[in-house]
Amino acid sequence: FLSNAGDNSEWGAIRKAVHHHFLDCGMESYQTRVKELPTKIAADWSTPKLKDLNDLTLVQKTVCKCIFYMCFGTWLEEADALIMIGWRTKASMWILPRLIHRFLFNIGIGKIKTLREKTVGLVEKYELQQAFVGMNGSLDARWQRKPVVTLCDEIMFGIGFA
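Residues numbered from 1 in each chain as written. Predicted model: local features only at pLDDT ≥ 70, side-chain atom pairs only at ≥ 80, totals over all residues. Heavy atoms only, no water.

**A closer look at the packing of helix 2 (residues 28–44) against helix 3 (residues 56–72)**
Then comes step 1: One way to put it is that helix 2 packs onto helix 3 with a least axis distance of 10 Å and a crossing angle of 155°. Our classification of the angle between helix 2 and helix 3 gives roughly antiparallel. Taken as a pair, helix 2 and helix 3 cross one another with a handedness that is right-handed. Residues Y30, R33, V34, E36, L37, K40, I41 and D44 of helix 2 touch helix 3, and the partners they reach there are T62, K65, C66, Y69, M70, C71 and F72.
Then comes step 2: Grouping the constituent residues of the contact of helix 2 with helix 3 by class yields 9 nonpolar, 1 polar and 5 charged. (Axes fitted to C-alpha atoms, helices over the stretch in contact; angles between N-to-C directions. Helix = DSSP H or I, 4+ residues; strand = E, 2+ residues; numbered from the N terminus. Parallel < 35°, antiparallel > 145°, perpendicular 65-115°, else oblique. Left-handed = near helix turned anticlockwise from the far one by under 90°. Contact = heavy atoms within 4.5 Å. Nonpolar A, V, L, I, M, F, W, Y, C, P; charged D, E, K, R; others polar.)

**Description of helix 3**
Then comes step 1: With 17 residues, helix 3 should cover 24 Å at 1.5 Å per step; its first-to-last C-alpha distance of 24 Å lies within 8% of that length.
Then comes step 2: Taken across its 17 residues, helix 3 has 12 buried, putting it largely inside the fold.
Then comes step 3: By the burial criterion, the buried members of helix 3 are L58, Q60, K61, T62, C64, K65, C66, F68, Y69, M70, C71 and F72. (Expected span 1.5 Å × (residues − 1). Buried < 20%, exposed > 50% of the residue type's maximum accessible area, 1.4 Å probe, protein only.)

**Quick word on the nonpolar core**
Then comes step 1: With 30 residues, the main nonpolar core has F72, F132, I155 and M156 as its most contacted residues.
Then comes step 2: Elements that contribute at least two residues to this core include exactly helix 1 (10–21), helix 3, helix 4 (78–84), helix 8 (107–125), helix 9 (129–138) and helix 10 (149–161).
Then comes step 3: Looking at which element gives the most residues to this core, the answer is helix 10, with 5 residues.
Then comes step 4: Apart from residues lying up to four places away in sequence, I155 is in contact with I14, V18, F22, F132 and M135.
Then comes step 5: Judged by nonpolar contacts, the second largest core, of 6 residues, contains L37, C66, M70 and W75. (Core = buried A, V, L, I, M, F, W, Y, C linked by side-chain atoms within 4.5 Å.)

What follows is the structure in structure tokens.
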């Protein structure tokens, strides 16, 4: 459990910054994205059926695309959505002790490292670096990340794991 109450809560500060910079319901751009979201989903999923919800990859890609769009105003391409769902599909590797990773020749660690690099590549592709620099700069000095890519990594993990 990570508390988000009080001035001494790092988690609370990060959460407030995410809402302020990416998910401020009062912003006109946010409201526009909310209205456009059904159209974006319909373009990718033109004839939805209830049984489509059994397609885990389709559902995960759609969720990642929606969250990415709501945060940044950019609808991910299919290949980029596949990168983002890697945070969820590779989750079982994160909980393994280091000793197990060593027995597995660090293959899992290599996959996670590659995923992190590809995720940061998406931030660069869509020219979102300044969003993370601004968000990091708005944090109290106690909570700022050095380098800023650390904050980017944390936020993109959240989007991909959603």
